[in-house]
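These are the residues of each chain, in order.
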Amino acid sequence: MNAFNIVGEGSAGFVLRRLMGRPWLHTVNVVYYHYVGSPDPHYSPFYRGCTAEKFSNALQDLRRIFDFASLSEVLADGSAQRQLRRPLLAVTFDDGLDLRKEGAMEVLKRFGVKATMFVGTAFVGNRMLMWR
């Protein structure tokens, strides 16, 4: 077990979970994913992948501290968040990869997450790609 896992397991405790959640109450909390699925060979030099199982485990861990909300809810007036006991978190995807193929949509549905997907329209048809 590595240090990241130890800290993660420790934060699951009631007292630590409450302490870890407080700093996030007055911030805009957004986590973004690039791709959920089996690792593709063309990503291997710089990306080890995030399978649906890893994605599910990550959302389960995040749910210990945050309440999932839409991006518009998270970006709304911060004074509304101050009334909440738990901080809000939005889940986003950055480039329009297929969320159904590898099970990400099923995971989002299971956790009741309304994710936002950003699609760079300049890249449609594999044009103007930054990394290829």
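Residues numbered from 1 in each chain as written. Predicted model: local features only at pLDDT ≥ 70, side-chain atom pairs only at ≥ 80, totals over all residues. Heavy atoms only, no water.

**Let's talk about the overall build of the chain**
Within the chain one finds 6 helices and 4 strands. For the chain, the α and β elements follow one another from N to C terminus as α-α-β-α-β-α-α-β-α-β. Of all intrachain contacts in the chain linking residues separated by at least 6 positions in sequence, the fraction that spans at least 24 positions is 57%. (Helix = DSSP H or I, 4+ residues; strand = E, 2+ residues; numbered from the N terminus. Contact = heavy atoms within 4.5 Å.)

**Considering the side chain of T92**
Here T92 shows up in strand β3 (residues 88-93). Looking at T92, the relative accessible area reads 5%, which means it is buried. Setting aside residues no more than four positions away along its own chain, T92 makes contact with V30, V31, Y32, Y33, L71, T116 and F118. (Buried < 20%, exposed > 50% of the residue type's maximum accessible area, 1.4 Å probe, protein only.)

**Re the nonpolar core**
Residues F55, L59, V91, F93 and L108 are the most contacted members of the largest nonpolar core, which totals 18 residues. Only α3 (52-63), β3 and α6 (104-111) provide two or more residues apiece to this core. Within the second largest apolar cluster, 5 residues are counted, among which are A69, L71, L88 and A90. (Core = buried A, V, L, I, M, F, W, Y, C linked by side-chain atoms within 4.5 Å.)

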